[in-house]
Amino acid sequence: MKVVTFENIHRAYRRGVDVLHGMEFSIEQGEVVGLLGRNGAGKTTLIRIAMGMIEPQQGTVRLFGLDPREKPVEVKRRIGYVSEDQILPPFLRVEETLALHRGLFPTWDDRLAGELAAQFRLSPREKIGKLSKGQARQVALLCAIAHRPELLILDEPAGGLDPVARREFLETSIRLLNETGSTILFSSHYMGDVERMAGRVVLIHEGHLLLDRPLDALREEHAVALVPHGPRVDRERLLALESCLGVRDRTDALHAVFALEPERARSLLERELGVAGANCRTVGLEEMFIELVGGQA
Amino acid sequence: MLIVVDPHSGVPVYRQLMDQIRFHIASGLLTPGEELPSTRTLSAEIGVNPMTISKAYSYLERDHIVERRPGRPLVVASLPNGELRDQKIEQLRAHLTPTVTIVRQLGIDRDRALEILRDLLVANAGDEHSGTADDAAGDTEPVRRPDHAPNEREDQTNHQGEEDS
């Protein structure tokens, strides 16, 4: 079953400034999708469209087959959502915030909420406004998952958290995954967290979907080739090769990303451009990210 | 079970899990019949997506490294005689392969490299004698075996080395 579907989503903020152009992908039940992209790539806009917080100017978004603008309550009851800039009312106490959410979600699990509150060492009487950034985020996470949502949407959930709080956040999300089998869509700049959590990676760049692959395939079946500058080799010729995903023109060499295993990328370069023995290797997610969306030279 | 995931290494997480479990079996830390933690438990323990753990487990099962019995925890498969020794050798070979590349990149003479390895092994045996030699039967042989083969080759090549220096 498809839990999230984006079809040909277009959204511009000001006339002429497109944020998303024709975003299209879907998420199956139980998938954990890491949404990657530079700041301003359109991740938050896409997530807000999924949440029904803003409307696309073109295209359709469906959650559990429903339009989040038409059926906001029905959809939101089945979702948990945490974002970096989410603001809980600062004048409420922790216990009041939980009670508020408990009333909103029929599937609220008191036992889970209690366990998480204890694990996060939250004091019920404390005002939200008095909490540290990490603790406030933990309250938000607790509210997002205590109703055991079918879909968890996290927009930069770890932004500004210390490593311990980040790991706790990750482990709590994994717990929900383990116990409830929830689908998760999360955006993050922490590539280590993405590598631990995600089964699939969607990379968006300047409003376009640049890459959508299972994480393991990205690690094993994609290579970065360092191709020395030469008379027969330039950016355009490399980009023209099938399976070439991107080229960065660096001073040392051209860095080309191929959707091929290193050995096959090497023989492609030799066959098509006469480049013998190019240095081709698999790389981790962070390096792949930089090769794909990093600047030139 | 000690599993350490390095999300930034060039190796996918499920591969890291497979490699480490294989290593633990070869080193005797995990013994045949021993239960492995459930997907959920390990997932929670090391903070990794449970799908990644089950992927690693099912590949290990395919390779007959672990066994799944209906309704029971996954266990380390029992190995036919000699198999453990082969696995130890296999592990050592895998770990030494990058060293071979480095030796070549640095342009260090083969005999010199072997000498350094032998010295390191001797020096290490001096201060640490308790460690890995648990299962006496299988253990002593494979450690010596790779020692013998290079020795013979060394005898032939040693003369060249002397002329060089």
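Reading the values: the criteria
- Residues numbered from 1 in each chain as written.
- Chains lettered and ligands numbered in written order.
- Predicted model: local features only at pLDDT ≥ 70, side-chain atom pairs only at ≥ 80, totals over all residues.
- Heavy atoms only, no water.
- Axes fitted to C-alpha atoms, helices over the stretch in contact; angles between N-to-C directions.
- Helix = DSSP H or I, 4+ residues; strand = E, 2+ residues; numbered from the N terminus.
- Parallel < 35°, antiparallel > 145°, perpendicular 65-115°, else oblique.
- Contact = heavy atoms within 4.5 Å.
- 1 Å grid on protein atoms, 1.4 Å probe; cavity = no way out; pocket = protein on both sides within 12 Å on 5 of 7 lines; lining within 4 Å.
- Points joined across faces, edges and corners; volume = space filled by probe spheres on them.
- Nonpolar A, V, L, I, M, F, W, Y, C, P; charged D, E, K, R; others polar.
- Buried < 20%, exposed > 50% of the residue type's maximum accessible area, 1.4 Å probe, protein only.
- Lys, Arg positive; Asp, Glu negative; His and termini not counted.
- Salt bridge = Lys/Arg side-chain N within 4 Å of Asp/Glu carboxyl O.
- Buried area = accessible area lost by both parts, 1.4 Å probe.
- Polar contact = N/O pair within 3.5 Å; in protein donor to acceptor, adjacent residues only side chain to side chain.
- Domains from an automatic or database assignment.

K.L.:
So what exactly am I meant to see when it comes to the packing of helix α5 (residues 133–145) of chain A against helix α6 (residues 163–180) of chain A here?
P.N.:
Helix packing for two helices is described by the angle between their axes and how far apart those axes are. All names here are of chain A. Close contact between α5 and α6 brings their axes to 11 Å; oriented N to C, the two are set at 5 degrees. One element, α5, and the other, α6, form an angle in the roughly parallel class. For the pair α5 and α6, contact is made by Arg137, Gln138, Leu141 and Ile145 and by Glu168, Phe169, Thr172 and Leu176, respectively.

K.L.:
Would you mind showing me how to read empty space enclosed by the protein here?
P.N.:
Any empty space left between the atoms is revealed when a probe the size of a water molecule rolls over them. All names here are of chain A. Evaluated as defined, the whole model comprises 1 cavity of 30 Å³ or more. Reported here for the largest cavity is a volume of approximately 100 Å³. Looking at the lining of the largest cavity, the elements that each hand over two or more residues are α6 and α7 (191–197). Of all the elements, α6 adds the most residues to the lining of the largest cavity, at 4 residues. Tallied by class, the residues present in the lining of the largest cavity amount to 7 nonpolar, 2 polar and 2 charged.

K.L.:
Quick question: what am I supposed to make of the side chain of A:Asp155 here?
P.N.:
The residue A:Asp155 is located in strand β6 (residues 151–155) in this model. Despite being buried, A:Asp155 has no salt bridge partner; A:Arg48 is the closest side chain of opposite charge, sitting 5.2 Å away.

K.L.:
What's the story with unusual backbone geometry in this structure? I'm lost.
P.N.:
When glycine is set aside, most residues are seen to have a negative phi, and most peptide bonds are trans. Residue and element names in this part refer to chain A. Even without glycine at this site, glutamate 156 takes up a positive phi of about 50 degrees. When you line up the elements, glutamate 156 lands in the loop between β6 and α6. Backbone geometry at serine 243 places phi at a positive 75 degrees, although glycine is not the residue there. Along the chain, serine 243 falls in the loop between α9 (235–240) and β11 (244–249).

K.L.:
Is there a simple way to think about the interface of chain A and chain B in this case?
P.N.:
Size of an interface: often given as the accessible area lost when the parts come together. Listed by partner, the interface residues are 21 residues for chain A and 20 residues for chain B. Note on chain A versus chain B: buried area summed over both sides is about 1,600 Å², and carbon and sulfur give 43% of it. On the chain A side of the contact with chain B, A:Asn178, A:Arg196 and A:Asp216 bury the most area, a combined 38% of that side's loss. Summed over the shared surface of chain A and chain B, the number is 2 salt bridges. With a closest N to O distance of 3.2 Å, A:Glu220 and B:Arg15 form a salt bridge. The interface formed by chain A and chain B includes 10 residue pairs in polar contact (both at pLDDT 80 or more). When residues of the side of chain A that touches chain B are traced back to their parent elements, those giving at least two are α6, α7 and α8 (215–220) of chain A. Here the side of chain A that touches chain B gets 7 residues from one element, more than from any other, and that element is α6(A).

K.L.:
How should I be thinking about the domain arrangement of chain A in this particular structure?
P.N.:
Residues and elements named next belong to chain A. Each assigned domain of chain A is listed here: domain 1 (2–214) and domain 2 (221–293). For domain 1 and domain 2, the distance between their C-alpha centres works out to 35 Å. Between domain 1 and domain 2, the contact holds 12 residues from the first and 9 residues from the second. Overall, the association of domain 1 and domain 2 removes approximately 940 Å² of surface from exposure, summing both partners, and the carbon and sulfur fraction of that is 77%. Linking domain 1 with domain 2 are 0 salt bridges. Counting across the domain 1 and domain 2 interface gives 2 residue pairs in polar contact (both at pLDDT 80 or more). Elements supplying a minimum of two residues to the side of domain 1 that touches domain 2: α7, β8 (200–205) and β9 (208–214). For the side of domain 1 that touches domain 2, the per-class residue count stands at 7 nonpolar, 2 polar and 3 charged.

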